[in-house]
Amino acid sequence: MVSRIEHPSVTRAAEGLAGRGVHVAWVDPEPSGRVAPEAIAAAIDRAAAVAPVRLVSLQAVNHETGVVQPVAEAAAIVHARGARLHVDAVQAVGRLPPEAWAGADLVSVAAHKIRGPKGIGALAVRPGIRLRPVLLGGAQERGLRPGTQDPVAAAGFAVAARRALGAPARYAALAPLRDRLEAELTQVGRAAGAPPVRNGEGARASHVANLSWPGWRGDELCAALDLEGVAVSSGAACSAGTAEPSPVLTAMLGPERAASAVRFSIGEDTTEADLVEVARRVARVLARLRSLPAGS
């Protein structure tokens, strides 16, 4: 069973399995972006009429909205029904304490999200769980993933992981900056006649702000802001270059809201001056786009 707001690395894998005849059940999020534990329980129970649910996949933190998912509650429900829980903790490790993925049986982590090298990650597996390899070849990675290992990347990952141990406190301090960014952008949008609407409610990680701009296309805003030196996205970073609305926001709020969404991310080095400058450039982009002839 997979939630509709998972990262494409999970949803595409689930779709691939479904195409090979594996029964895959899906659970929808609330408009807030949270996947309710009771919805998970209901989805598992419905799916059991077709086939027993063996694995549930749920993010710790959504990669587009920053909404924190109820992993511990989900774990209790999943285990009570005899299934295992995989947690994508890529956006949580180094930003939230380990309680954010408590109860998981399998946890995915990516080095580049904690300032480590690209191209390396880890899958932590609870003792006693046996996995079947997807790729076949050598006996590397305890027989799970063949291929000559990259010791330089592994060493860089280790350094980043040690540094990430103290990062949650630093990221918690970013919440006022995220709120300031949202306030600045709301003021800019209001001045342009189209105040943005925040996507994602409740508990949120502090490094992501996702806003929809009524009357504007998110991909056009992203392209225009790129020319201004502001790196933003209208969906998952790995989906850059596609014109399709974000599947995450579509599942949460519908295609119209998704089509006008822009995601902003901040980090440990972000300052209030950076946020003010970003808002100034957004204002310049909105003014320029408003002055263009219709349909241009």
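Caption draft 1: Representation of the environment of Asn-62 in the model. Checked against the element boundaries, Asn-62 lands in the loop between β3 (55-59) and α3 (71-80). Spatially, the C-alpha atoms of Asn-62 and Val-27 are 15 Å apart, while their sequence positions differ by 35 residues. Among all residues touching Asn-62, those that are not within four sequence positions of it are Ile-5, Val-67 and Val-248. At 2.9 Å, the side chain of Asn-62 and the side chain of Gln-59 are in polar contact. Polar contacts involving the side chain of Asn-62 include one to the main-chain amide nitrogen of Glu-64, which spans 2.9 Å.

Caption draft 2: Here's a closer look at the pattern of salt bridges. Counted under the stated rule, the structure contains 20 salt bridges. The salt bridge involving Arg-204 is made with Glu-182; its shortest N-O contact spans 2.7 Å. In this pair, Arg-204 sits in the loop between β7 (197-198) and β8 (208-212) while Glu-182 sits in helix α6 (residues 175-191), placing the two residues 22 residues apart along the sequence. The class for Glu-182 is buried, based on a relative accessible area of 8%. Glu-228 serves as the salt-bridge partner of Arg-288, at 3.1 Å between the closest nitrogen and oxygen. One end of the pair, Arg-288, is in helix α10 (residues 272-290); the other, Glu-228, is in the loop between α7 (218-227) and α8 (247-253), with 60 residues separating them in the sequence. Several salt bridges converge on common partners, so that one network encompasses Glu-182, Arg-198, Glu-201 and Arg-204.

Caption draft 3: Quick look at helix α2 (residues 37-47). Every buried residue belonging to α2 is among Pro-37, Ile-40, Ala-41, Ala-43, Ile-44 and Ala-47, and all of these are buried. The buried residues of α2 occupy an angular sector of 165° when the element is viewed end-on, so they sit on one face. Those residues of α2 that are exposed and aimed more than 90 degrees away from the buried face are Glu-38 and Arg-46. On its buried face, α2 is in contact with β2 (26-27), β3 and α3.

Caption draft 4: Local environment of the side chain of Asn-210. Tracing the chain through its elements places Asn-210 in strand β8. Polar side-chain contacts of Asn-210 include one of 2.9 Å to the backbone oxygen of Glu-64. Residues within four places of Asn-210 in sequence aside, it is in contact with Glu-64, Thr-65, Val-197, Arg-198, Asn-199, Leu-249, Ala-261, Val-262 and Arg-263.

Caption draft 5: The sheet that holds strand β9 (residues 261-265), seen in detail. With antiparallel pairing, three strands are arranged side by side in an open sheet as β7-β8-β9. Only two strands of the sheet have a single neighbouring strand rather than two, namely β7 and β9. Direction of pairing for β8 relative to β9: antiparallel, over a ladder of five bridges. Across the sheet, the residue bridging to Ala-209 is Phe-264, located in β9.

Caption draft 6: Quick peek at helix α4 (residues 151-164). With 14 residues, α4 should reach 20 Å at 1.5 Å per residue; the first-to-last C-alpha distance of 20 Å fits that figure. Among the residues of α4, Ala-153, Phe-157, Ala-160 and Ala-164 are the ones counted as buried. Each buried residue of α4 sits inside an arc of 65° when the element is viewed along its axis, so together they form one side. Looking at α4, the residues exposed on the side facing more than 90 degrees away from the buried face are Pro-151, Val-152 and Arg-162. Contact partners of the buried residues in α4: β5 (106-110), β6 (121-125) and α5 (167-172). Regarding α4, its N-cap is Asp-150, as a side-chain oxygen of that residue lies 3.2 Å from the backbone nitrogen of Val-152 further along.

Cut-offs and rules
Residue numbers restart at each chain and count upward from 1, following the sequence in its written direction. Predicted model: local features are reported for residues with pLDDT of at least 70 only, side-chain atom pairs are reported and counted for 80 or more only, and whole-chain, interface and lining totals are derived from all residues. Here the side-chain values reflect all heavy atoms present in the structure, with hydrogen atoms and water set aside. Only runs of H or I of at least four residues qualify as helices and only runs of E of at least two qualify as strands under DSSP, and these elements are numbered from the N terminus. Contacts between residues were defined by any pair of non-hydrogen atoms, one from each residue, lying within 4.5 Å. Under the rule applied, a polar contact is a pair of N or O atoms within 3.5 Å (in protein, one hydrogen donor and one hydrogen acceptor; residues adjacent in sequence only if both atoms are side-chain atoms). What counts as a salt bridge is simple: a side-chain nitrogen of Lys or Arg found within 4 Å of a carboxyl oxygen of Asp or Glu. Three labels apply to residues, based on accessible area from a 1.4 Å probe with only protein chains included: buried if under 20% of the type maximum, exposed if over 50%, partly exposed otherwise in between. By arc we mean the arc of the directions from the helix axis to the C-beta atoms, nothing more. Two strands pair under a simple rule: DSSP has to find at least two bridges between them. In this analysis, the expected span of each helix is defined as 1.5 Å times one less than the number of residues it contains.

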